[in-house]
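Tertiary structure, described
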Amino acid sequence: MHRLILATFLVLAPLASAQDMNAYNQALASFNAGKLDAAAPLFFELASNAGDSDIRARSEYYLAQTYTRKKLHISALVAYAAIVNAGPQHPSYFQALEGLVDVQQQLNEQNLVPNILDKAYTPMVQDKWVRLPREVLARVQYQVATIRQRRGRFEEARALLEAVPSDSRVYARARYLLGVVLADPHFPGRPAEADSLDAAALAAFKGALDAKGPQLAHDEVKQLALLGIGRLHYGRHEYPLAVASYEDVPRYARFWDQALFENGFARFQNEDFGGALGSLQALHAPQFEGAFQPESWILKATVYYYSCLFDEVKTTLTAYEQLYEPMAKQLEPFSGEDVDLLSAYNLVAAENRRLPRPIYLWIRGNERIQDVMRTIEQVDAEKREVATLGSWSGTGMVPEMTSSLEEVRGTLMQIGGRFAKSRLQEAAQNLRTFADQAEIIRVQTALDEKDLLLAGVDQKAVLKSQSIYRPKMPGAAWNYWKFQGEFWRDEIGYYQYTLKRGCPAKLQQQ
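Below, the structure is looked at part by part. Here the structure is a predicted model, which means the values were calculated and not measured. (Residues numbered from 1 in each chain as written. Predicted model: local features only at pLDDT ≥ 70, side-chain atom pairs only at ≥ 80, totals over all residues. Heavy atoms only, no water.)

1. Some details on the packing of helix H11 (residues 218–235) against helix H13 (residues 256–269)
The following threshold applies: Axes, fitted as lines to C-alpha atoms, cover a helix only where it is in contact. Angles between the N-to-C directions of the axes lie from 0 to 180 degrees. Labels follow the DSSP assignment, with helices taken as runs of H or I lasting at least four residues and strands as runs of E lasting at least two, numbered in each case from the N terminus. Every angle not falling under 35 degrees, over 145, or within 65 to 115 is termed oblique; those three ranges are roughly parallel, roughly antiparallel and roughly perpendicular. Helix crossings fall into two classes, left-handed where the near helix is turned counterclockwise from the far one by less than a right angle and right-handed where it is turned clockwise. By definition, residues are in contact when any of their heavy atoms lie within 4.5 Å. Note on residue categories: nonpolar means Ala, Val, Leu, Ile, Met, Phe, Trp, Tyr, Cys or Pro, charged means Asp, Glu, Lys or Arg, and polar means any other residue, Gly included.
Contact geometry of H11 with H13 gives a least axis separation of 11 Å together with a crossing angle of 20 degrees. When the axes of H11 and H13 are compared, the pair comes out roughly parallel. Pair H11 / H13 crosses with left-handed handedness. Contacts between H11 and H13 pair Leu227, Arg231 and Tyr234 from the former with Gln258, Ala259, Glu262, Phe265, Ala266 and Gln269 from the latter. The residue makeup of the contact of H11 with H13, split by class, is five nonpolar, two polar and two charged.

If you want it as structure tokens, here you go:
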């Protein structure tokens with residue numbers, strides 16, 4: 001999408017002063033010759049002080065282009081945004097929109113540019129934006145839709161996403177997000193129109209899987225689409241279909257651990273208790289040692305509880321407490337409302353010394369916090385480069401660029417801080433919630449054990465009377481290996497438990 005821009009000389013500007021025209025043409029000559037360090041200060045001076053509005057406006061655009069060529073993408077972003085914010089009356093308005101979209105692609109930036117585009121995409125200009133190149137418009141529609149979706153403006157997001165053409169490189173992303181939008185329980189029309197909306201969401205997810213041609217990050221989008229299909233079927237109580245979708249997520253792919261976790265729930269709801277424990281067995285392998293998955297232990301205890309395997313319930317809850325109770329205490333000072341945003345961001349952006357490592361990795365692994373950290377790194381790199389360019393020193397451009405970069409940095413720190421604080425509070429709340437659930441399971445287990453004792457049921461005899469059989473093989477090419485405490489890479493993800501049932505016959509019938 002990045003295109004070579006050849007600056008054109010200005011010959012028709014009767015109201016411009018000869019001095020401004022000469023400076024402008026000199027800047028253009030330097031720009032076209034690739035002498036960017038010489039062109040930038042000239043364009044900056046003209047953009048700031050030229051008496052002719054046309055020269056001033058054109059200089060603003062070519063200054064942004066100069067930053068782009070020097071790979072000063074944040075500085076270019078600021079310059080393009082100023083033009084876009086000026087509105088369609090600016091002579092370089094549409095070129096600046098293209099420039100913004102190009103910067104977003106170069107940085108893979110998910111916060112600043114989408115919000116700028118969303119603010120600019122008003123009903124008064126929407127019809128004019130069709131003049132943009134087809135791929136640029138598709139990216140604009142997708143970026144604006146991400147903001148509308150975050151803000152719960154689902155109908156607007158839907159219209160934007162459905163407008164993204166199938167030959168766009170963001171088509172798969174747009175179809176995935178469309179599925180998320182349509183499946184959202186707050187989408188207008190639910191629950192009365194749930195069936196038709198679910199069918200449309202399923203078609204959107206499948207469209208993301210089947211998208212043709214070059215697609216941005218298509219492998220990851222496919223994984224997300226499979227998760228989306230699994231969640232859709234799970235919400236509709238179609239548990240076998242949910243299991244099939246979760247199991248299609250490739251092993252060791254980025255979102256495989258999430259698929260394992262959700263597959264455990266789907267298998268449990270499908271009354272495949274051994275399969276549910278198999279998914280959790282994989283999730284608790286050493287390869288996922290740093291994962292933050294407290295609910296997985298509650299699910300494991302629940303599976304054992306439904307099988308009346310009370311000793312295993314207590315063992316699982318003890319393991320949960322040993323793992324997560326210290327985390328909850330360690331997290332307490334950092335999850336309150338009094339934690340300021342800068343401190344929250346620094347907790348997760350800096351080398352970890354105070355947070356529980358699984359929670360630290362859980363927050364840092366999120367795409368949006370990664371985007372903030374990556375963009376701040378770019379800001380800092382540009383500040384260093386601007387400060388060391390001798391040909392720019394002494395010009396008014398350096399302090400203004402530095403000030404703009406600092407402002408962007410501050411905005412990003414606020415965005416990252418809000419997100420980090422929200423995730424810290426979410427982690428703390430999850431640990432409180434699951435600790436309460438663990439206590440409920442523990443109490444109910446004790447009550448059930450008491451009931452069996454009072455009823456004169458010898459549970460050990462019940463269990464002893466049962467046999468454990470090998471699980472059914474999926475096909476002739478499969479082999480059975482008994483798990484003996486060692487996790488082998490080629491076995492993780494294929495575990496299947498077989499369970500005895502400690503419930504007496506009457507209890508099993510209830």
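Having seen the model, we can carry on.
2. Focus: helix H14 (residues 273–283)
Keep this limit in mind: Relative accessibility decides the category of a residue: with a 1.4 Å probe and only protein chains considered, values under 20% of the type maximum give buried, values over 50% give exposed, and everything between is partly exposed.
In terms of residue burial, H14 counts as a mostly covered element, since 11 of its 11 residues are buried. When we look at burial in H14, the residues that qualify are Phe273, Gly274, Gly275, Ala276, Leu277, Gly278, Ser279, Leu280, Gln281, Ala282 and Leu283. On its buried side, H14 packs onto H13 and helix H15 (294–306).

3. Side note on the side chain of Ser59
Our working definition: For this analysis, a polar contact is any N or O atom pair within 3.5 Å, provided that within protein one partner can donate a hydrogen and the other can accept it, and provided that sequence-adjacent residues contribute only side-chain to side-chain pairs.
As for its position among the elements, Ser59 is in helix H3 (residues 53–69). On the basis of relative accessible area, Ser59 is assigned to the buried category, the value being 0%. A distance of 2.8 Å separates a polar atom in the side chain of Ser59 from the backbone oxygen of Ile55. Discounting chain neighbours no more than four positions away, the residues touching Ser59 are Tyr24, Phe43, Leu46 and Ala47.

4. Observations regarding unusual backbone geometry
In this chain, Arg190 is followed by Pro191 through a cis amide linkage whose omega measures 0 degrees. On the secondary structure map, Pro191 appears in the loop between helix H9 (171–183) and helix H10 (194–210). A positive phi angle is found at His237, which is not glycine, with a value near 65 degrees. Classification of His237 as exposed rests on a relative accessible area of 57%.

5. Observations regarding the nonpolar core
Cut-off, in case you're wondering: What we call a nonpolar core is a set of buried Ala, Val, Leu, Ile, Met, Phe, Trp, Tyr and Cys residues that are connected through their side-chain atoms within 4.5 Å.
Counting 147 residues, the largest nonpolar core has Phe43, Tyr67, Trp129 and Trp392 as the members making the most contacts within it. With 18 residues, helix H20 (residues 397–454) is the largest single contributor of residues to this core. Other than its neighbours up to four places away in sequence, Phe43 contacts Tyr24, Ala27, Leu28, Phe31, Ser59, Tyr62, Leu63 and Thr66. Judged by nonpolar contacts, the second largest core, of nine residues, contains Leu227, Tyr246, Phe255 and Ala259.

6. Quick look at the pattern of salt bridges
Our working rule: Basic side-chain nitrogens of Lys or Arg form a salt bridge, by our definition, when they fall within 4 Å of a carboxyl oxygen of Asp or Glu.
Overall, the coordinates contain 28 salt bridges when judged by the stated rule. The shortest N-O distance in the salt bridge between Lys383 and Glu406 comes to 2.1 Å. Of this pair, Lys383 sits in helix H19 (residues 367–388) while Glu406 is found in helix H20, placing the two residues 23 residues apart along the sequence. Residue Glu406 is classed as partly exposed on the basis of its relative accessible area, which comes to 38%. The structure contains a network of salt bridges with shared partners spanning Asp118, Arg148, Arg151, Arg153 and Glu156.

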